[in-house]
Amino acid sequence: METYKINVNGVSRQVTVDPGTPLLWVLREELKMTGTKYGCGIGACGACTVHLSGVATRSCVVPISLVGNRAVVTIEAMATDPLGRTVQDEWVSLDVVQCGYCQSGQIMSAVALLKSIPKPTDTEIEESMGGNLCRCATYVRIREAIKSASQQLKR
Amino acid sequence: MMLGHVAPSGATRKSSTMRYCKIALLFALVALTGCTYNPPNMATTRADGLAAWQQVYSVLTHPRCINCHTATNYPQQGDDRHRHFANVVRGPEGKGVPALQCVTCHQDANADSTGLPGAHDWHLAPLSMKWQDLNDKVLSSAEICGAITDRSKNNNRDGAALLKHHTEEPLVLWAFQPGRRIDGSMRTLPPLTREEFVTATRKWVEAGTPCPQTR
């Protein structure tokens, strides 16, 4: 067991865990931040997506020992992030969500995409979002919500 | 007349003595200075260089290396070199796309607890450095040698720079310490050790980076 200080959503947090503990479980079980979901545990589905220093990251495959001093941002912070809030509003407006399980990861990936490419093409949306799986198949509405959010951006 | 034996004359005895003295003096100097006598540095022959290149080629075409030297829009993974899962794609700079970069999963070091390989700045080699064709067939020794020595394709690297790349590049070094899979088993290693690979590269470079002839 080792003690780690990590910055989560702008707040410094301290945890004592095994160095190999994936960030996902540190967030959910140590910090009780359950917005980030477990879907597969192997980085294949995207449900666990967070941002590490602004980079969309699969928290289920990143051990806490490799986080370092990079800022962790989770779905819980999106309501107070201007772009995150815009994306969430479009998700609601277009009634994207069905069961909702994958949507935290979908939104985190969508925000990362729009921060890098404010006006993405359909191809760019499909390439960036192609690693986020949705068993309810809300993909069409996800794409439309991203395009709608893109139109809201003042850039 | 007796054949085979001629009693040395006085002059011959004197020159032999001088020669032995010089040899003794040489050994004494070596012993005193602690230096090691190295034979002259013989130029590496083209044949030596080609043999060394074949050793280098055996490493470059191992899955730990060639999985990221693809001709396609995606990397490969595993010893069977299947298409990388999770729909990852090359992206404009070989680093993936905004929400699905290579570093979305691959960190600066191996994550043995989760089975993810990692090294600094994980990314694909550029298409100019593809070592397989669009059907994932590994290119020939001549073809890869030609590509790797073409300075218009290899980021303008001469022999010395290629040696430096093989010696210092983190992603090259990773191939020799590729970490564990999620089931705990070690990933298979290239056929040479890192030291053997660098030695072979050096010999190939010293020979002038010769390439096999295209058949």
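The structure displayed is predicted, hence computed values, not measured ones.

*Asks:* In this structure, what is going on with the packing of aromatic side chains? I would like to understand it.
*Replies:* One pair of aromatic rings is described through two measures. These are the centre distance and the angle between the planes. Residues and elements named next belong to chain B. Applying the stated criterion to the full structure yields 5 aromatic pairs over all chains. An angle of 85° between the planes, with centres 5.0 Å apart, marks the rings of Trp-122 and Trp-174 as edge-to-face. Taken together, the residues Trp-122 in the loop between strand E4 (100-101) and helix H4 (141-148) and Trp-174 in helix H6 (residues 170-174) connect sequence positions 52 residues apart. Where Phe-176 meets Phe-197, the ring centres are 5.6 Å apart and the plane angle is 40°; that geometry is what we call tilted. Taken together, the positions of Phe-176 in the loop between H6 and helix H7 (194-206) and Phe-197 in helix H7 put the pair 21 residues apart, joining distant regions of the chain.

*Asks:* What am I meant to see in unusual backbone geometry here?
*Replies:* The backbone phi angle of Asp-95 of chain A is positive, close to 50°, even though this residue is not glycine. Relative to the helices and strands, Asp-95 of chain A is located in the loop between helix H2 (82-93) and helix H3 (103-116). With relative accessibility at 51%, the residue Asp-95 of chain A sits in the exposed group. Positive phi, normally seen in glycine, also occurs at Asn-87 of chain B, with a value near 60°. By the element assignment, Asn-87 of chain B lies in the loop between strand E2 (82-83) and strand E3 (96-97).

*Asks:* What's the story with the nonpolar core in this structure? I'm lost.
*Replies:* One recurring pattern in soluble globular proteins: nonpolar side chains tend to sit buried together. Residues and elements named next belong to chain B. Of all hydrophobic cores here, the largest spans 33 residues; its most connected members are Trp-53, Leu-60, Trp-131, Ile-144, Ile-148, Phe-197 and Trp-204. Of all the elements in the fold, those that place two or more residues in this core are helix H2 (46-60), helix H3 (63-66), H4, helix H5 (159-168), H6 and H7. Per-element accounting of this core gives the leading share, 6 residues, to H2. If we skip the residues at most four places from it in the chain, Ile-144 touches Trp-53, Tyr-57, Leu-60, Thr-61, Trp-131, Val-138 and Leu-139.

*Asks:* Quick question: what am I supposed to make of the layout of surface pockets here?
*Replies:* Space left empty within the atom packing is revealed by a probe, the size of a water molecule, rolled over the atoms. As a volume, the second largest pocket reaches approximately 260 Å³. Together, 15 residues line the second largest pocket, and Ser-116 of chain A together with Pro-92, Gly-96, Val-97 and Pro-98 of chain B are the ones closest to its centre. Looking at the lining of the second largest pocket, the elements with two or more residues in it are H3 and helix H4 (122-129) of chain A together with E3 of chain B.

Here is what the cut-offs are and how they apply
- In this numbering scheme, every chain counts its residues from 1 along its sequence in written order.
- Numbering of ligands from 1 and lettering of chains from A proceed in the order in which they are written.
- Since the coordinates come from a predicted model, pLDDT governs what is reported: local features require at least 70, and pairs of side-chain atoms require 80 or more to be given and counted, while whole-chain, interface and lining totals use all residues.
- Excluding hydrogens and water, the side-chain figures rest on all heavy atoms present in the structure.
- We call Phe, Tyr and Trp rings a pair once their centres come within 6.5 Å, taking the six-membered ring for Trp, and we label the pair stacked below 30 degrees between planes, edge-to-face above 60, and tilted otherwise.
- A run of H or I in DSSP counts as a helix once it spans at least four residues, and a run of E counts as a strand once it spans at least two, with each numbered from the N terminus.
- Accessibility here uses a 1.4 Å probe with only protein chains present; expressed as a share of the type maximum, an area under 20% marks a residue as buried, one over 50% as exposed, and anything in between as partly exposed.
- We define a nonpolar core as any set of buried Ala, Val, Leu, Ile, Met, Phe, Trp, Tyr and Cys residues linked to one another through side-chain atoms lying within 4.5 Å.
- Contacts are assigned to residue pairs that have any heavy atoms within 4.5 Å of one another.
- Think of a 1 Å grid over just the protein atoms. A cavity is a set of points where a 1.4 Å probe fits yet cannot get out, a pocket is an open set with protein on both sides within 12 Å along at least five of seven lines, and lining residues have an atom within 4 Å of a point.
- Grid points are joined across faces, edges and corners, and a volume is the space filled by probe spheres set on the points.

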